[in-house]
Amino acid sequence: MPELPEVEVTRRGLLPVEGALIAQVTIRHHGMRWPIPADLPQRLQGRRVLKLKRRAKYILAEIGTTVPEGTLLLHLGMSGRLCLLERDFPAEKHDHFDLLFADGRVIRLRDPRRFGAVLWLDQDPMQHELLNRLGPEPLEPAFNAAYLFQELRTRSAAIKTTIMDAHLVVGVGNIYASESLFRARIHPETPANTLSLAQCELLVQEIKSTLHAALEAGGSSLRDFFGADGNPGYFQQTYYVYGRTGEACRVCQQMILNIRLGQRSTFFCPQCQPRKSAVSHKKRLTK
Ligand SMILES: [Zn+2]
């Protein structure tokens, strides 16, 4: 599934079309997560992509002639990819949506599982129901230790599940939650409201650095990401724990474990991420 770094790298890869004139819109399959609006060609043709933004995992293309008239919202769902291609590149089975520009380039959405979305928003996109209750962006200053500590006070669920809640912070998916918790040495099942301020500081710091590292890995593979085959792969990274069940911890050589938490595979090292006992937690509170 494309995670926040892939979506941000996709946005950056599409930036060359900012300012480009949309000549034609092709919808080959309306049935995505929600139907692609049938009137999209009339709304987009003859307009320009003024600005490409991102909020959480939504790519937001401001559309207009000189001033924004609305926003084209794109979401990659479970399996979606957006490619920037030349117009003659033949469309394949799962290529559902094309934006053809007057200069001959095409943005093409390929999505075999069709959980992605292509929507038109007339109003301020931040007020749309998909976006208006989202937590802060993880790489923005608003996501900090004081904020996290405060938000966790009322949450007793496991920290791994909690940190993946988009109302708390967006874009911390399964990979980055597991990796950040390892780097912060926090057991994934730790009740969220038992984290100390120091642990919140460490976790925030590790979430930011894990995402930054992924962005850098993606940025360096951007050429491959938008390869001429029109079939970009997700960038490869080296993980500490994610997907490494039964392998040796890169830090302590202990075997990496895999548990189900909130229906998601959760990877951790039992030695680097010890479970804190209730007693030691109580002690900490009374200090
Ligand atoms: Zn370890």
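Quantities reported herein were computed from a predicted structural model and do not represent experimental measurements.

Draft legend 1. Here's a closer look at the overall build of the protein. Counting its regular elements, the protein contains eight helices and ten strands. The buried share of the protein, reckoned over its 287 residues, is 36%. Long-range contacts, defined here as pairs at least 24 residues apart, represent 64% of the contacts in the protein between residues at least 6 apart.

Draft legend 2. Spatial organisation of unusual backbone geometry. Phi angles above zero are rare outside glycine, and R185 is one such case at about 60 degrees. In this structure, R185 sits in the loop between α5 (174-183) and α6 (197-220). Phi is positive for Q253, which is not a glycine, with a value near 75 degrees.

Draft legend 3. The sheet that holds strand β3 (residues 58-64), seen in detail. With antiparallel pairing, four strands are arranged side by side in an open sheet as β2-β3-β4-β8. The sheet is open, and its two edges are formed by β2 (48-55) and β8 (117-121), each paired on a single side. The mean inter-strand angle of the sheet, taken between neighbouring strand axes irrespective of direction, is 25 degrees. One ladder, built from seven bridges, connects β2 with β3; its direction is antiparallel.

Draft legend 4. Representation of the sheet that holds strand β6 (residues 95-101) within the structure. Strands sit in the order β1-β6-β7-β5 across an open sheet of four strands; the sheet is antiparallel. Strands with a single pairing partner mark the edges of an open sheet, and in this sheet they are β1 (22-27) and β5 (81-86). Strand after strand, the sheet turns through a mean of 20 degrees between neighbouring axes, direction not considered. Sheet topology note: the β5/strand β7 (residues 105-110) ladder contains six bridges and is antiparallel. From the neighbouring strand, E86 faces β7, where its bridge partner is R105.

Draft legend 5. Structural view of the nonpolar core. Ranked by size, the top nonpolar core spans 65 residues in total, and within it A61, V118 and V241 carry the most contacts. Each of domain 1 (4-127) and domain 2 (145-286) accounts for three or more of the residues forming this core. Those residues in contact with V241 that sit more than four places away from it in its chain are S178, E179, F182, I256, F267, F268 and C269.

Draft legend 6. Highlighting the confidence of the model for the protein. Residues at a pLDDT of 70 or more form 90% of the protein, whose mean pLDDT is 89. Taken as a whole, residues 227-233 scores under 50 in pLDDT and shows eleven contacts with residues more than four places along the chain or in a different chain. Low pLDDT (under 50) marks residues 278-287, which in the prediction has three contacts with non-local residues, meaning those over four places away or in another chain.

Draft legend 7. Structural context of the pairing of β6. Burial runs high along β6: five of the seven residues are buried. As paired elements, β1 and β6 share five bridges and run antiparallel to each other. The residue bridging I27 from the neighbouring strand is F97, located in β6. Strand direction decides the pairing type here: β6 and β7, joined by five bridges, are antiparallel.

Draft legend 8. How the structure looks around helix α1 (residues 4-14). Taking burial as the measure, the eleven residues of α1 include nine buried ones, the bulk of the element. For α1, every residue scored as buried is listed here: L4, P5, E6, V7, E8, V9, T10, G13 and L14.

Draft legend 9. Summary view of α5. Of all ten residues in α5, eight are buried, a share of seventy percent or more. Every buried residue belonging to α5 is among Y176, A177, S178, E179, S180, L181, F182 and R183, and all of these are buried. Looking one or two residues past α5, R185 carries a phi angle of roughly 60 degrees, positive in sign.

Draft legend 10. Examining the environment of R153 more closely. Among the secondary structure elements, R153 is positioned in the loop between α3 (145-152) and α4 (159-163). Sequence spacing of R153 and T194 is 41 residues, and the spatial spacing of their C-alpha atoms is 8.0 Å.

Draft legend 11. Layout of the environment of L195. Note on placement: L195 falls in the loop between α5 and α6. Sequence separation of L195 and R153 is 42 residues, and the distance between their C-alpha atoms is 8.8 Å. The residues contacting L195, other than those within four sequence positions of it, are L152, I159, T190 and C200.

Draft legend 12. Molecular detail of the environment of P138. Tracing the chain through its elements places P138 in the loop between β8 and α3. As for P138 and L4, which are separated by 134 residues in sequence, their C-alpha atoms are 9.7 Å apart. Setting aside chain neighbours within four positions, we find P138 in contact with F143, V169, V170, G171, V172, I207, K208 and L211.

Here is what the cut-offs are and how they apply
- Residues numbered from 1 in each chain as written.
- Predicted model: local features only at pLDDT ≥ 70, side-chain atom pairs only at ≥ 80, totals over all residues.
- Helix = DSSP H or I, 4+ residues; strand = E, 2+ residues; numbered from the N terminus.
- Buried ≥ 20, exposed ≤ 12 C-beta atoms within 10 Å, placed from the backbone.
- Contact = placed C-beta atoms within 7 Å.
- Pairing = 2+ DSSP bridges.
- Axes fitted to C-alpha atoms, helices over the stretch in contact; angles between N-to-C directions.
- Core = buried A, V, L, I, M, F, W, Y, C linked by C-beta atoms within 7 Å.
- Domains from an automatic or database assignment.
- pLDDT = per-residue confidence, 0-100.

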